[in-house]
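Spelled out, the chains give:
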Amino acid sequence: MKSEVVLIRRCQDGDSAAFEQLIHRFERRVFGLIYQIIRSPNEVDDIAQEIFIKLYLSLPQFRLDASFDAWLYRIVVNQCYDFLRKRKRTPQLSEADLSEDEARYIESLASVTQPQAAEMDRELEVRDAAQNLLRALPPKDRMLLILKEVDELTIEELSAIFKTTKSAIKLRLFRARNRLKSVYLRKRRAIRK
Amino acid sequence: MRRRHWKHWIEEYVERSLPEERTRHVEEHLSVCTECREYLHLILRTRTIVRDARLEGGPVPTAGFARRVMDKLEQQRESNLFWRPLGTMAMKAVPIMAAAALLLAILAYREWTPQAVAEVPPSVDTGFLEIYLDLPAGWGREAAVFSEAISQDQDRAVESLIQDRAPELKAGEEGKQP
């Protein structure tokens, strides 16, 4: 952490080599997060470049006592959101696009009522079905859930990233989860018809 | 405590960031409240979906990624070396141009406002208005021109008129005298 602060301070003083080091330190995490959010491998590199350029330009305003992770995450989230908004590709689920694997997955989820059942089979078809459910959400909800459940950020960290209160984050999570539940129920109804 | 309030803590309960005592309270509450238990299950179920949807084996940065970003930044800097001074100059010129426009507007206003009333003392005897109205017939057009000025500042307009026409008025008055 201390070395990170030193590195950032050097970047703020205009040290290009330090910024290159900073890129090396965070590039993998940024790539991974972009990929999880936009789900389009061909675009990741370009978006990551834009993110690091924005990071470089915004570093002079960064306060060294603040969380650098939250700062970086905020840039990533905003850039990904801009990309998704431009692409406007948020396909709504139709019952017609259900595959057999999805149907099996959704049926299996119906039996998940206890915490210990959260550990499920990681078969490829399971992932595809889950991805279809997640893809049906608006980008903002999807990003929030990915940050919470895949990156395992806490409510406090999310509130720092989205510059809002913890209560607002909880409310947004609550709504996002309910939307996902609605998509899931819709699919489930379609299977049973 | 109201049920809604407990729901408020369930996200943090799941992420295990609550203090020990509050965790115990939440657990006690969960054992008796169906609604909160359902919310807990919703969190766990959606977590399962999101984690199942996690993409594996995404793209990784290539060896030259950092260098490419640095090159792009350098290009931007070079482009800024040309455009930024122009932008700065333009930004600095805005207040100067605004001040110049204001000055021009003031000058134009002064130019097109009847100057005849400009140099007159602020207070004059309004009795002169009667004299003005007694002017000979040929002065009617001029009266119309001044009517606007009179409506704006009667004293100054009349004073100006009197000063301009003083010799003629004086001659007229002398002519009236027996």
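For every chain, the first residue of the written sequence is number 1, and numbering continues from 1 onward in sequence order. Working convention: letters from A go to chains and numbers from 1 go to ligands, in the order in which they are written. The model is predicted, so local features are restricted to residues of pLDDT at least 70 and side-chain atom pairs to those at 80 or more, both for listing and for counting; the totals for chains, interfaces and linings are taken over all residues. Only heavy atoms go into the side-chain values, all of them from the structure, while hydrogens and water stay out.

**Notes on the nonpolar core**
- The biggest cluster of nonpolar side chains holds 67 residues, and the ones touching the most others in it are Phe19, Leu22, Ile34 and Leu55 of chain A.
- Secondary structure elements follow DSSP: runs of H or I of four or more residues count as helices, runs of E of two or more count as strands, with numbering from the N terminus. In terms of residues, this core owes the most to one element, helix H2 (residues 16-38) of chain A, which gives 12 residues.
- Those residues in contact with Leu55 of chain A that sit more than four places away from it in its chain are Phe19, Leu22, Phe68, Trp71, Leu72 and Ile75 of chain A.
- Note on terminology: a nonpolar core comprises buried Ala, Val, Leu, Ile, Met, Phe, Trp, Tyr and Cys residues joined through side-chain atoms within 4.5 Å. Any residue under 20% of the maximum accessible area for its type is buried, any over 50% is exposed, and the rest in between are partly exposed; the area is computed with a 1.4 Å probe on protein chains only. Grouped together as the second largest cluster of nonpolar side chains are 15 residues, Val26, Cys36, Leu42 and Ile43 of chain B included. What makes two residues a contact is simply this: any of their non-hydrogen atoms within 4.5 Å.

**Quick notes on the interface of chain A and chain B**
- Listed as interface residues are 55 residues of chain A and, on the opposing side, 38 residues of chain B.
- Here chain A packs against chain B, burying approximately 4500 Å² in sum over the two surfaces, 62% of which is carbon and sulfur.
- Looking only at chain A, the three residues that lose the most surface to chain B are Glu149, Lys170 and Arg177 of chain A, adding up to 14% of its buried area.
- One side-chain nitrogen of Lys or Arg within 4 Å of one carboxyl oxygen of Asp or Glu is enough to make a salt bridge. Where chain A packs against chain B, one counts nine salt bridges.
- Here Arg47 of chain B and Glu149 of chain A are joined by a salt bridge, their closest N and O atoms 3.0 Å apart.
- For this analysis, a polar contact is any N or O atom pair within 3.5 Å, provided that within protein one partner can donate a hydrogen and the other can accept it, and provided that sequence-adjacent residues contribute only side-chain to side-chain pairs. Across the contact surface, chain A and chain B share 15 residue pairs in polar contact (both at pLDDT 80 or more).
- Elements that contribute at least two residues to the side of chain A that touches chain B include exactly H2, helix H3 (41-58), helix H5 (100-110), helix H6 (124-135), helix H7 (139-150) and helix H9 (166-192) of chain A.
- When residue character is reported, Ala, Val, Leu, Ile, Met, Phe, Trp, Tyr, Cys and Pro are called nonpolar, Asp, Glu, Lys and Arg charged, and the others, Gly included, polar. Residues that form the side of chain A that touches chain B fall into these classes: 30 nonpolar, 10 polar and 15 charged. Note on definitions: buried area is the accessible-area loss of two parts on being combined, 1.4 Å probe, summed for both.

**A closer look at the pattern of salt bridges**
- Within the structure shown, the criterion is met by 18 salt bridges over all chains.
- A salt bridge links Arg179 of chain A to Asp141 of chain A; the shortest N-O distance between them is 2.3 Å. Of the two residues, Arg179 of chain A sits in helix H9 while Asp141 of chain A sits in helix H7, which places them 38 residues apart along the sequence.
- Arg179 of chain A sits in the partly exposed class, given a relative accessible area of 38%.
- For Glu74 of chain B, the salt bridge is made with Arg77 of chain B, and the minimal N-O distance between the two is 2.9 Å. One end of the pair is Glu74 of chain B and the other is Arg77 of chain B, both in helix H4 (residues 65-112) and three residues apart, which spans about a single turn.
- For Glu74 of chain B, a relative accessible area of 34% translates into the label partly exposed.
- For Arg77 of chain B, a relative accessible area of 31% puts it in the partly exposed group.
- Among the ionic contacts, a cluster of salt bridges with common partners joins Glu149 and Arg177 of chain A together with Glu11 and Arg47 of chain B.

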